[in-house]
Amino acid sequence: MKRFQLTSIILIFLVFGVKSTTAQNADSLLQYMDNLMSAPKDKQAIVKIILTKKSGKEKVREAMMKQKGKDKKLYRYTKPESQAGISTLSLPGDVMWLYMPAFGKPTKISLLTKSQSFTGTDFSYEDMESGSYSERYTPALLESSDPENYVLELIPISKKSKYSKIVLYLNKTHNYPVKMEYYNNRGIYFKVATYKYAKQGKYWYAEEVLMTNLKKAHSTGILMTDIKFDQGLSDDEFRVENLKQ
Amino acid sequence: MNLKKFTEKILTFKWFIIILVAICTIFFSYQIKNLSIDADILSSLPDNDPDATLLKRIGEKFGGNSMGIIILETDNIFQTEVLEHVRSITDTISFIEGISSVSSLTNIINIKGGDFGIEIGRLVDEYELPDTPEEFQTLRNNVLSNEMYKGSIVSDDGTATLIIFTLEDGANVNAVAKTVINKTGALHLPEKLYYIGSPMLATYISDLMKSDLTRLLPFAFLLIAIILLLSFRSASGVILPLLTAVIAIIWSLGIMLILGYKMSMISNNIPIILLAVGSAYTIHVLNRINQLRITDRNKAISMALAYVMIPVMLAATTTIIGFISFIFGAYLEMIVDFGIFTALGTFFACLLSIFFVPALLDVFTSEKRNKYLVSKKVKKSFLSENFLSPLKILLFKHPKYILTTWSVLIMLSIVGVFFIKRNVDIQEYFKKGNPTREAEGIMIEKFGGSKPIFVLFKGDMQSPEVLKKMILTGEYMERSPDIYTTQSIADLIAEINFAIAGVREIPDMQKKIEQLWFLLDGNDVMQRFVSEDLDEGIIISKFKSPDNEAKKEFARYMESFIRENSTEDCQIEITGMPFVDITMDRSLINSQLGSITIAIIFVVIIVGLILRSMSSGIYASIPIIAAIIILFGVMGLTGISLNIATVLVASVALGIGIDYSIHIISHFNHTYQITDNAKIAIEDTIMISGKAIIINVISVSAGFLILIFSEMVPLQYFGFLIAFSMLGSSLGALTLLPVILILVHRKKNNDHFNPGK
C-alpha cells in the first residue's frame, strides 16, 4: 500500500512537473521570440508589398516604414504613383491615422474589427497588430520530430479572434519564427505565413514574409530592404501633424 | 423498286440485323454512364443575341453567374436571436469547400464617417450582437440609409435578409449548392430559408429533371405496356414496340453523349417522347403482320412489310420534319439540340421497326403462335364492332354534318388564337408552392425584383467623369417604376468620400478617387463591380415586373438615355434577363411561325411526292391543320401560354399527327387501286388502319400525358397539349379526312356509294 502511495506521488509529481515545465518552456520560447522581434529601439526600411492573385497577376506597392518601440509605426507609400503620399500611422491603443494628400488632412480611423484584410493584403489587422505574441496568445509546446524548430500551438486570448489557433514553427537556435499556420474558428487550416530571417548587426529581422491564403490562392509578400536600426528616431516623426509632409 | 424482294432480303439477313442491333445497343448503353445534366439557363442562351452574349460575359467577368443567395425570412430580422442565426449560416457556409466569399448582415464591412474621423467596422459586431431597442434602431437606420445595403441585405419591412455567397472558379456547382442546402438545413433554424441565384437554381432544376426522368419514365413505360397488352393481347405486341422505342432512346442518347452534349431542361424529355413516338411504327408493322397472318401466315411478314413500309417511312419522315423544324427560328440552343436528337431517335425507331422487328418476328415465329393468332381474331373485333363499325356508318350517313361540326370548331378556335398569351418568365416554370417560385416571389416583393440588370461602363473606372455618369445612370434607372435600387463602384466611392470629406458625391479630382481606392483595394466586393484592370465597371440592379410590356417600356426608356450619354471615353451598354426575355418573347412567335410553316410545307410536299399525288398531300394535311388550329384555340381560350416548351407542341403534333392521315390516305389509295371502289376502300381503311390509329393514339397520348406529373409547369402543359392534339388529329384522320374522301369520290363515282340506284 505504502509503495503504491509513493508511486502515485512520484507519478503525480512527474506528470504535473513535466507539464508545468512544458508550459514554462512554451511561454518563455514565445517570450524569446517577442524579445527578438522588439529588440531594436527603432527601425526603418523600404517595404515592398507584392500582392499575387490566383491568376498570377501581381500588384506591387512600396512604402517607407518607420517604427519606434512596439507600437508606433508609420508607413509612407511611394508606389504606385496614384497612391504615393498616402500614409498610415499606428499609435498605441489601436489608434490609426490615415493621411491622403489629395484630401489634405489626416483622418482618424477607428478599427472596430480586426479580422478584415489590411488594405487588400492577406494580412488581417489582427496579424499587423503591434502587441507582442505573448500578450495575445497562450502557447503550448507540441511534440515534434523537427530537429531545427520548436512547434508551438498558440491559442488566442481574445474571443474576438478569427483564429482558433496558430501553429508556430520557431527556430531552435535563434528563436525567430520560420512558419505560422493559421486555423480558422472552424479548426480549418486556411492561411500560412513563411518567414525568411536575416541578421544585420546584432538584430535579426524578417527580410521576407510570404502570407498565402490557401482557400483563395492569393498571396502577399513583404520584402524589407535598406533596413536601418537604432537611428534614434524622434517621437516627432510619429506625430499626427507631421503626417502632412 | 420491288418492295417485296426488298422485304424478303430483310428476312434473309435477319441474324445479321439482330446481331448488329445488339452490338450497337451495347455500345451506346455503355456511353449512357456519362450522362450529365446542364440546367444552367444562361449557358443555353444563343451567342448570336448581343444581349445574351453581354449578359454571359458580365456574369463570367464579375462573378454574377456564380452567386448564390439564401433568403432568411421571419417576422422581424432585428432580434438578437435572428442575428445569431444569420451569423451561424454565414459561418457555416464560409467554410464550405468551393465557396470563396460570403456577405451577410453579420459580416459586412461598414465605413462610417463623422467629426471624429472614420470608423471601419462591421455593420453588426458579430461578437457583441445588438440586444437593446436603441441598438436595433441604430442598426436599422444604418442599413436603410446606406445605398449599398438598400434592397440588397435587409428588406425595407425588416422581415427578410439575404446571405449572398460566391463560388470559386471551377467549383462543382451542384456539390456546393447541395452542401449549402444540407448544412444550413442541419442548423434547424426556426426561420424560413429559401435558396436562389444561378448555382442554386441550376442545381434545383437539375434535381427536378432527374426526378422527372426517374419517376416518369418507368411510369410511362408501364402505362404504354398496359395499353399495348390490351390492344394486341400478345407478348410480342407489348415487347416489340417498347423494345424498339427503348433501343431508339439508347442510340440517340448514346450519340448525344458521344458528341459531348448534356441533358438540358428540354432534352430531358427525349426518352419519354421517344417512348411514345418510337413505339408507333412497330405498332403499325405488327398490326399489318397480324392482320395478314390470318390469311397467309407464311408470307405474312414480307407481305405486311411491303404494304406498310412506305406509310411507316413517310410517317417517320414527317415526324422528323416536325422535330427538325425547331432548328429554324428557335431562340434557345437547347431547343435546337432537342429537335435534332429527337429527330434522330425517331429515325432509329423507324429503321428498327422496318428491319429489326420483322427479323425478330421471323426468328421467333412458330406454329404454336400462329394457332394462337387465329383464335385472336374474334377478340380483336371488339374495337371494330363497338367503335369502328358505328363510326363507318356515321361517316357514310352524315358526312355533311361531320364537316359542319369541324368547320364550327375551327371557326371558334380561330377566335381563340387571338387570345394566346406568351410567357417567358422563369418564375412561371415552377409549380405554385414550389420553394424556388416562392423565393422568386420574396425577391420581387421584398428586395425589388429577381431579374438581374447590368449596365456596363467601359472607361477609366477612377475617372470622375465615368463615376459621375454611373451615379447619373443609377439615378435615372431608379426613376423607372420597375427599378428599386442600383449599386455600383460609384456609390461606394461616394459613400467613402462622405465618410472622409463629409459629402456624398464623386470627388472632382481623379487623385482623390485614386486615394479613396486605397481603402477599398482588395475588398471582395470590388470584383463584383469593377474589372481587374479598372477599365470596366457595372451597375447592378434588379427588375421587378414579370410583364413583357414593362420590360419593353424599360428597354426604350434606357435606350434613349444610353444613346445620349455614351461617349468614346465612357461607353455604356445595358443587358440583363429582361432584355433576353424580350428577345425570347419575340422569338417565340418567329419560332412558332417559322417551324410550323416549314413543317407544313415539307410535309405536304413529301407526302405528295411519295404518294405521287399532290392532292393526297393536301388531303393528308387537312386533319392535322384543323387539329393545330383547335390546339391554338384551346390555348387562347383556356389561358395556357406560349412558352419555351409549349412552343414546341404545334410542330411535334404536326409531325406525329399527320401520321394518322398518311396511314388513312395510303391505305385508301392502295385498296382503291385494287378494288377501284372508293366506298369499299374507305370502309376497309377505317376498319383496318383505323384500329392501328386508335391503339397508336391511345399509347402515344398516354406517354405524353405522363408529363402532366412533371415538376416543370411548361412540360405539364406540353404533355397535355400534345396528347390533346393527338386526339384532335386522330379524330380528324378518322372523321374529317374520310368525310372529305367520301364527298370527293361521291361526286366522281356516285354508283359506288349508292349501288342500289
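Treat the numbers as computed from the prediction; the structure is a model and nothing was measured.

Caption draft 1: Inspection of the overall build of chain A at higher detail. When helices and strands are counted, chain A shows three helices and 13 strands. When the 245 residues of chain A are sorted by exposure, 24% land in the buried category. Considering only intrachain contacts with a sequence separation of at least 6, the fraction spanning at least 24 residues in chain A is 38%.

Caption draft 2: Looking closely at the overall build of chain B. Scanning chain B from terminus to terminus reveals 25 helices and ten strands. In terms of overall dimensions, chain B has C-alpha extents of about 110 × 50 × 45 Å along its principal axes. Burial statistics for chain B: of 757 residues in total, 53% are counted as buried. Of all intrachain contacts in chain B linking residues separated by at least 6 positions in sequence, the fraction that spans at least 24 positions is 79%.

Caption draft 3: View of the sheet that holds strand E10 (residues 571–576) of chain B. All names here are of chain B. Taken in spatial order, the four strands line up as E8-E9-E7-E10 in an open sheet, and their pairing is antiparallel. Each edge of the open sheet carries a strand with a single partner, namely strand E8 (483–487) and E10. Averaged over all adjacent pairs, the angle separating strand axes in this sheet is 20°, with direction ignored. Across three bridges, the pairing between E8 and strand E9 (residues 536–543) is antiparallel.

Caption draft 4: Structural context of the packing of helix H7 (residues 198–232) of chain B against helix H23 (residues 678–705) of chain B. All names here are of chain B. In contact at an axis separation of 9 Å, H7 and H23 are set at 165° when each is read in the N-to-C sense. Classified by the angle between their axes, H7 and H23 sit roughly antiparallel to one another. Once H7 is placed against H23, the crossing between them reads as right-handed. Here Ala-220, Leu-223, Ile-224, Ile-227, Leu-228 and Ser-231 of H7 come into contact with H23, specifically with Ile-695, Ile-698, Ser-699, Ala-702 and Gly-703. Of the residues assigned to the contact of H7 with H23, the class counts are eight nonpolar, three polar and no charged.

Caption draft 5: Looking closely at the interface of chain B and chain A. In this assembly, 23 residues from chain B lie in contact with 24 residues from chain A. The element that contributes the greatest number of residues to the side of chain B that touches chain A is strand E4 (residues 117–122) of chain B, accounting for six residues. In terms of residue class, the side of chain B that touches chain A is built from ten nonpolar, five polar and eight charged. Summarising the sheet, strand E6 (residues 106–111) of chain A and E4 of chain B pair through three bridges and their orientation is parallel. Within the sheet, the bridge partner assigned to Leu-111 of chain A lies in E4 of chain B and is Ile-120 of chain B.

Caption draft 6: Focus on the pairing of strand E9 (residues 163–171) of chain A. All names here are of chain A. Summarising the sheet, strand E8 (residues 149–156) and E9 pair through six bridges and their orientation is antiparallel. Bridging across to E9, Val-151 finds its partner in Tyr-169. The antiparallel pairing of E8 with E9 creates a hairpin that spans six residues between the two strands. Alignment of E9 against strand E10 (residues 177–184), held across seven bridges, turns out to be antiparallel. Paired with Ile-166 across the two strands is Tyr-182, which belongs to E10. In this antiparallel pair of consecutive strands, E9 and E10, the connection spans five residues, and Asn-175 shows a positive phi of 65°.

Caption draft 7: Fine view of the nonpolar core. In terms of nonpolar packing, the biggest core is built from 246 residues, with Ile-493, Ile-628, Leu-631, Ala-653 and Leu-654 of chain B touching the most fellow members. With sequence-adjacent residues up to four places away left out, Ile-628 of chain B is seen in contact with Ala-650, Ala-653, Leu-654 and Ser-725 of chain B.

Caption draft 8: Highlighting the sheet that holds strand E2 (residues 99–103) of chain B. Residue and element names in this part refer to chain B. The antiparallel open sheet is built from four strands, whose spatial order is E2-E5-E1-E6. Looking at which strands have only one partner, the edges of the open sheet turn out to be E2 and strand E6 (192–196). The sheet shows a mean angle of 20° between the axes of neighbouring strands, direction not considered. As defined by bridge partners, strand E1 (residues 67–73) adjoins strand E5 (residues 160–167) across seven bridges and the pair is classed as antiparallel. Residue Glu-73 lies in a different strand from E5, and its bridge partner there is Ala-160. The strands touched by helix H14 (residues 435–447) within the sheet are E1, E5 and E6, with E6 carrying the most contacts at an inclination of about 95°.

Caption draft 9: Summary view of helix H16 (residues 489–501) of chain B. Residues and elements named next belong to chain B. Here H16 contains 13 residues, and its C-alpha end-to-end distance of 18 Å stays within 8% of the 18 Å for a straight helix at 1.5 Å per residue. Counting buried positions along H16 yields ten of 13 residues, so the element is predominantly enclosed. Of the residues trailing H16, Gly-502 is marked for its positive phi of about 85°.

Caption draft 10: Quick peek at the domain arrangement of chain B. Residues and elements named next belong to chain B. With domains assigned, chain B is organised as domain 1 (3–34 + 203–427 + 582–753), domain 2 (50–196) and domain 3 (460–569). At the interface, 15 residues of domain 2 touch 17 residues of domain 3. When contributions to the side of domain 2 that touches domain 3 are tallied by element, the ones reaching two or more residues are helix H3 (50–61) and strand E3 (109–114). If one sorts the elements of the side of domain 2 that touches domain 3 by residue count, E3 sits on top with three residues. Partitioning the side of domain 2 that touches domain 3 into residue classes produces five nonpolar, six polar and four charged.

Caption draft 11: Just the environment of Gly-502 of chain B, in detail. Residues and elements named next belong to chain B. Structurally, the position occupied by Gly-502 is in the loop between H16 and helix H17 (510–520). On the basis of neighbour counts, which here come to 10 C-beta atoms within 10 Å, the residue Gly-502 falls in the exposed class. With 423 residues separating them in the primary sequence, Gly-502 and Gln-79 have C-alpha atoms 31 Å apart.

Caption draft 12: Broad picture of unusual backbone geometry. Going from Lys-79 of chain A to Pro-80 of chain A, the amide bond is cis rather than trans, its omega being 0°. The backbone phi angle of His-188 of chain B is positive, close to 50°, even though this residue is not glycine.

Caption draft 13: Looking closely at the packing of helix H19 (residues 548–565) of chain B against helix H20 (residues 577–610) of chain B. Residues and elements named next belong to chain B. Between H19 and H20, the shortest axis-to-axis distance is 9 Å and the interhelical angle comes to 115°. In terms of crossing hand, the pair formed by H19 and H20 is left-handed. Of H20, the residues touching H19 (which contributes Asn-548, Lys-551, Lys-552, Phe-554 and Ala-555) are Pro-578, Phe-579, Asp-581, Ile-582 and Asp-585. Broken down by class, the residue content of the contact of H19 with H20 amounts to five nonpolar, one polar and four charged.

Caption draft 14: A look at the environment of Ile-742 of chain B. Residue and element names in this part refer to chain B. Mapped onto the elements, Ile-742 comes out in helix H24 (residues 713–748). The class of Ile-742 is buried, set by 20 C-beta atoms lying within 10 Å. Separated by 634 residues in sequence, Ile-742 and Ile-108 have C-alpha atoms that sit 79 Å apart.

Caption draft 15: Structural detail: the environment of Thr-567 of chain B. Counting through the fold element by element, Thr-567 of chain B comes out in the loop between H19 and E10. In the structure, Thr-567 of chain B is positioned 109 residues away from Lys-458 of chain B in sequence and 9.6 Å away in space, judged by C-alpha atoms.

Caption draft 16: The arrangement of the confidence of the model for chain B in detail. All names here are of chain B. Of the residues in chain B, 95% reach a pLDDT of 70 or more, and the chain-wide mean stands at 85. Segment residues 367–379 is flagged for pLDDT under 50; beyond a separation of four residues in sequence, or across chains, it makes eight contacts in the model. Quick note on the complex model: pTM equals 0.79, ipTM equals 0.80.

Rules used in this analysis
- Residues numbered from 1 in each chain as written.
- Chains lettered and ligands numbered in written order.
- Predicted model: local features only at pLDDT ≥ 70, side-chain atom pairs only at ≥ 80, totals over all residues.
- Helix = DSSP H or I, 4+ residues; strand = E, 2+ residues; numbered from the N terminus.
- Buried ≥ 20, exposed ≤ 12 C-beta atoms within 10 Å, placed from the backbone.
- Contact = placed C-beta atoms within 7 Å.
- Pairing = 2+ DSSP bridges.
- Axes fitted to C-alpha atoms, helices over the stretch in contact; angles between N-to-C directions.
- Parallel < 35°, antiparallel > 145°, perpendicular 65-115°, else oblique.
- Left-handed = near helix turned anticlockwise from the far one by under 90°.
- Nonpolar A, V, L, I, M, F, W, Y, C, P; charged D, E, K, R; others polar.
- Core = buried A, V, L, I, M, F, W, Y, C linked by C-beta atoms within 7 Å.
- Expected span 1.5 Å × (residues − 1).
- Domains from an automatic or database assignment.
- pLDDT = per-residue confidence, 0-100.

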